[in-house]
Amino acid sequence: MSRGICPRVHFWWMFSVLFLVKVVDVGAYSCHEVKTAFQVRQIGPLKWVPETPGTDVELLVCKHQGPSCCTRKMEESYQVAVRRETLQNVRSYSFELKYLISGHATAFQDTFQYLLSFSQGHLSSLLEDTYSPLSREALPHVNVLFSSLSLYIRGHNLSLEAAITRFYDNLFPLVYVRLVNPGMGAAGKRGECLRATRQDVNPFGPHPDTLAQELRRALGAGRALSLALAEGTEVMNATEHVSLTKECLRGLTKMQYCSHCRGLTLIKPCMGYCLNVMRGCLASVAELDGPWRRYVAALEELTHAVAGQHSLELALLGVRGHVNEAILHAQLHGPTLTTTVDKVCGLSGEEPTTSVHPDPTPEFMTPTVTSSTAPPSIIPSIPPQEQLMGNLAHLRSSFTLKHSRNDKPRSLKKISREFLSYVQRYKLFFAVLPEMLCEGETVVEDFTCWSGDDVVESYTGRVVGNGLQAQKQNPEVKVRSPNPELAEVKERLERFNQEIQDMLPGLGQRESWGELGSSDTEDGSGDCDDEDGCQGSGTGAVKTFTDGRPGGSNNDKAVGSNPGGRAPPVVRVRGAGCPPACLSLPMALTLLLATLALQWRLL
């Protein structure tokens, strides 16, 4: 009897176990978690996700043996989603670098324009206080000169030497009839002759050429920096819109979503596997690494050239001194100059009395530009106090930069030091972008991870390097050809690097990188420099301008003779007593910094 019962007991026990196993198996292959992830990531309509796995699904990417929670429509939606997510991640990292470049480009331009405005007011005050007879007619030419300097430093296509030459050409008739020969009336038609022959007569001595040389050296670095920052922004714009190939999308879908087809929504890709996929997708982007590193090195050099030793500030403040010396030179050589002009343009008494009008030709025409930036309006001769404070407020709040201690104004040196501390971190940006994207995906090194086909303890495939050549051995993504858009960006960046080298031949040959100081001093502060008063100002000699004769000599030779001619008029030299208009460069620089500090405190 017991033998008859035992088979029935074992049968029912085995049937119960099999039933429970079947229930657990169905529950384990439920697509509920897949549907939840599909909804949370907003991949597509939930109706596309089955309730239970299917066995007869024909998939193109997520192929595997056994039941699957994916359908063809889901697979297509996964590819759209992974493209959107990857590009969004690339843009998020690119935006940080783009914001760094564009933000500091704005800061540099604001400082450049303020220095130009200050220098223009400095020169205008000289003409109004010391040379008042010609100031009203000369100020429009001052405006045009500084408008040209502003366009030049922004990178527009114009000649700095031509702008300075036009300024002195237009200044000569006013100096001649208002200062050298104040009793002769007005120039009339003679003004055209004076403008046309100014370079031959050379009434201002070497000072126009000296001014052009100093401004070309100082503003050339600022102009190159402006062009470089604009080029960097264009490169980042191009990489933000990089296109992903079909092979890349298949690899990304397989890495991020094919595990969902098996119900594994929480598993993460292996690190080596992710690197292969990302490096294959961004192979053309990685080709920018070499040109980009050279570009960042050029940025560092240009930043040092602009801010080191206050060269740009001193050059702009020196405009006043050079113009003053040029006018004094013409006054001191007045008799000889009058004789020469009489020979070239006729006797001074033959012209009828008419008013002198500023030359309405090329100076007031908008220069031809190649940049997309709109030309700024003519800078007012003396900026109002409200405008100066408004400019400072804009400089202070244009983008997120650390505040200076004691609310002191931000100089070129401080902005440059901060910019260098940031940009150096992005020197290898295009080389490490795949790693950054993989870290953002929270990949895992060991334990268990997704290899694209199954859950494994570690990825055993070969991990390739960056660049197009390395992708020939990539087991995950096949790279057939370079991206033509990024290839063009690479070529343009290489060409720009060469142009910068040609523009400034000495770039990269600087012996010391210490002009701007270190971002971290021994006491842990990075804000200490000459302007903070925490170190000596140095003993180097700085060239100054006086209201005496050029070179400190009173033995200037005459530029011509006056054989048998009428006696030249008595020349009254203005400005020879060194009024406040003849501030030396160090004193003028101190005045500029003091003004900035005072206005900054009033904000």
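What you see is a predicted model; the values in this text were computed from it and never measured.

Asks: Quick one: what's the story with the overall build of the protein chain, residue by residue and with numbers?
Replies: Per the secondary structure count, the protein chain includes 18 helices and two strands. Sorting the 603 residues of the protein chain into buried and exposed places 46% on the buried side. The contacts in the protein chain between residues at least 6 apart in sequence include a share of 83% that link residues at least 24 apart. Counting only carbon and sulfur atoms, one obtains 54% of the accessible surface of the protein chain, whose full area is about 29900 Å².

Asks: Give a detailed account of helix H4 (residues 132–154), specifying residues and quantitative values.
Replies: Compared with the 33 Å implied by 1.5 Å per residue over 23 residues, the 32 Å span of H4 between its first and last C-alpha is a close match. Of the residues flanking the end of H4, it is Gly155, one or two places downstream, whose phi is positive at about 105°.

Asks: Before we move on, could you go through the pattern of salt bridges and cite the residues and values that matter?
Replies: The tally for this structure, following the rule as stated, stands at 14 salt bridges. Across the salt bridge formed by Lys254 and Asp453, the nearest N and O atoms sit 3.3 Å from each other. Placement of Lys254 in helix H8 (residues 246–256) and of Asp453 in the loop between strand E1 (449–450) and strand E2 (455–456) is noted, with a sequence separation of 199 residues between them. The salt bridge partner of Arg262 is Asp454, with a shortest N-O separation of 3.5 Å. One end of the pair, Arg262, is in the loop between H8 and helix H9 (271–281); the other, Asp454, is in the loop between E1 and E2, with 192 residues separating them in the sequence.

Asks: Please provide a residue-by-residue account of the packing of helix H5 (residues 160–180) against helix H7 (residues 207–240), values included.
Replies: Interaxial distance between H5 and H7 falls to 10 Å at its minimum, and their mutual angle equals 150°. Relative to H7, the element H5 lies roughly antiparallel. Note that H5 runs across H7; the crossing there is right-handed. Contacts between H5 and H7 pair Leu160, Glu161, Ile164 and Tyr168 from the former with His207, Pro208, Leu211, Ala212, Leu215 and Arg216 from the latter.

Asks: Lay out the state of the cysteines in plain terms, naming residues and giving numbers.
Replies: Throughout the structure, instances matching the rule amount to seven disulfides. What pairs with Cys62 in a disulfide is Cys258, and their sulfur atoms sit 1.9 Å apart. When the S-S torsion is -80°, as for the bridge of Cys62 with Cys258, the disulfide is left-handed. Highlighted residues: Cys62 in the loop between helix H2 (32–40) and helix H3 (72–130) and Cys258 in the loop between H8 and H9, separated in sequence by 196 residues. One exposure class covers both Cys62 and Cys258, and it is buried. Across the disulfide from Cys274 sits Cys438; the S-S distance is 2.2 Å. Here the S-S torsion is close to -100°, and the disulfide linking Cys274 with Cys438 is therefore left-handed. Separated by 164 residues along the polypeptide, Cys274 in helix H9 and Cys438 in helix H16 (residues 429–440) bring together distant segments of the chain.

Asks: So what's going on with the nonpolar core? Residues and values would help.
Replies: Residues Tyr168, Leu171, Val175, Leu215, Leu252 and Trp292 are the most contacted members of the largest nonpolar core, which totals 126 residues. It is H3 that provides the largest number of residues to this core, a total of 18 residues. Look past the residues within four positions of Leu215 in its chain and what remains in contact with it is Leu149, Leu160, Ile164, Gly220, Ala315, Leu316 and Val319.

Asks: How would you sum up the confidence of the model for the protein chain? Please name residues and give values.
Replies: Per-residue pLDDT for the protein chain averages 74, and the proportion of residues at 70 or more is 66%. Ignoring residues within four places in sequence, the model shows residues 350–409, a span with pLDDT below 50, making 118 contacts including any to other chains.

Asks: How would you sum up the packing of H8 against H9? Please name residues and give values.
Replies: It is the contact of H8 with H9, at a shortest axis distance of 9 Å, that shows an interaxial angle of 160°. By the angle between their directions, the pair H8 and H9 is classed as roughly antiparallel. Every pair of crossing elements has a handedness; the one defined by H8 and H9 is left-handed. Residues Cys248, Gly251, Leu252, Lys254, Met255 and Gln256 of H8 form the contact with H9, whose own contacting residues are Tyr273, Cys274, Val277, Met278 and Cys281. Considering only residue class, the contact of H8 with H9 consists of eight nonpolar, two polar and one charged.

Asks: Please give an account of the environment of His32 that cites residues and values.
Replies: Locating His32 in the fold gives a position in helix H2. Sequence separation of His32 and Val49 is 17 residues, and the distance between their C-alpha atoms is 8.9 Å.

Asks: Explain the environment of Gln498 to me, using residue names and the numbers behind them.
Replies: Position of Gln498 among the secondary structure elements: in helix H17 (residues 484–503). When the C-alpha positions of Gln498 and Arg294 are compared, they lie 9.9 Å apart, and in sequence the two are 204 residues distant.

Asks: Lay out the packing of aromatic side chains with the relevant residues and their values.
Replies: The full count for this structure, using the stated rule, is 15 aromatic pairs. Note on Tyr273 and Tyr459: the rings are 5.8 Å apart at their centroids and 35° apart in plane angle, and the pair reads as tilted. With Tyr273 in helix H9 and Tyr459 in the loop between E2 and H17, the pair connects residues that are 186 residues apart, well separated along the chain. As far as the burial class goes, Tyr273 and Tyr459 line up, both buried. Centroid distance Trp292 to Tyr295: 4.9 Å. Interplanar angle 35°. Geometry classified as tilted. With Trp292 and Tyr295 both in helix H11 (residues 289–307), this residue pair falls three residues apart, about one helical turn. Of the two residues examined, Trp292 and Tyr295, each falls in the buried class. Three or more aromatic residues joined by ring pairs make a cluster, and in this case those are Trp292, Tyr295, Tyr426, Phe429, Phe430 and Phe496. For the cation-ring pair, Arg223 lies above Tyr152, with the distance from its terminal atom to the ring centre recorded as 4.6 Å.

Asks: Summarise H2; cite the residues concerned and give the values.
Replies: By the burial criterion, the buried members of H2 are Val34, Lys35, Ala37 and Phe38. Relative to the axis of H2, the buried residues are bounded by an arc of 165° and lie together on one face. Across H2 from its buried face, at more than 90 degrees, point the exposed residues His32 and Val40. Close packing links the buried residues of H2 with H3.

Asks: Can you break down the environment of Arg462 residue by residue, with the values?
Replies: Tracing the chain through its elements places Arg462 in the loop between E2 and H17. Exposure remark for Arg462: the relative accessible area of 54% places this residue in the exposed category. Aside from chain neighbours lying at most four places away, what touches Arg462 is Asn276, Gln473 and Pro475.

Rules and cut-offs
- Residues numbered from 1 in each chain as written.
- Predicted model: local features only at pLDDT ≥ 70, side-chain atom pairs only at ≥ 80, totals over all residues.
- Heavy atoms only, no water.
- Helix = DSSP H or I, 4+ residues; strand = E, 2+ residues; numbered from the N terminus.
- Buried < 20%, exposed > 50% of the residue type's maximum accessible area, 1.4 Å probe, protein only.
- Contact = heavy atoms within 4.5 Å.
- Areas by Shrake-Rupley, 256 points an atom, 1.4 Å probe, with all protein chains shown as cover.
- Expected span 1.5 Å × (residues − 1).
- Salt bridge = Lys/Arg side-chain N within 4 Å of Asp/Glu carboxyl O.
- Axes fitted to C-alpha atoms, helices over the stretch in contact; angles between N-to-C directions.
- Parallel < 35°, antiparallel > 145°, perpendicular 65-115°, else oblique.
- Left-handed = near helix turned anticlockwise from the far one by under 90°.
- Disulfide = S-S within 2.5 Å.
- Core = buried A, V, L, I, M, F, W, Y, C linked by side-chain atoms within 4.5 Å.
- pLDDT = per-residue confidence, 0-100.
- Nonpolar A, V, L, I, M, F, W, Y, C, P; charged D, E, K, R; others polar.
- Phe/Tyr/Trp six-rings, centres within 6.5 Å; stacked < 30°, edge-to-face > 60°.
- Lys NZ or Arg CZ within 6 Å of the ring centre and 35° of its normal.
- Arc of directions from axis to C-beta.

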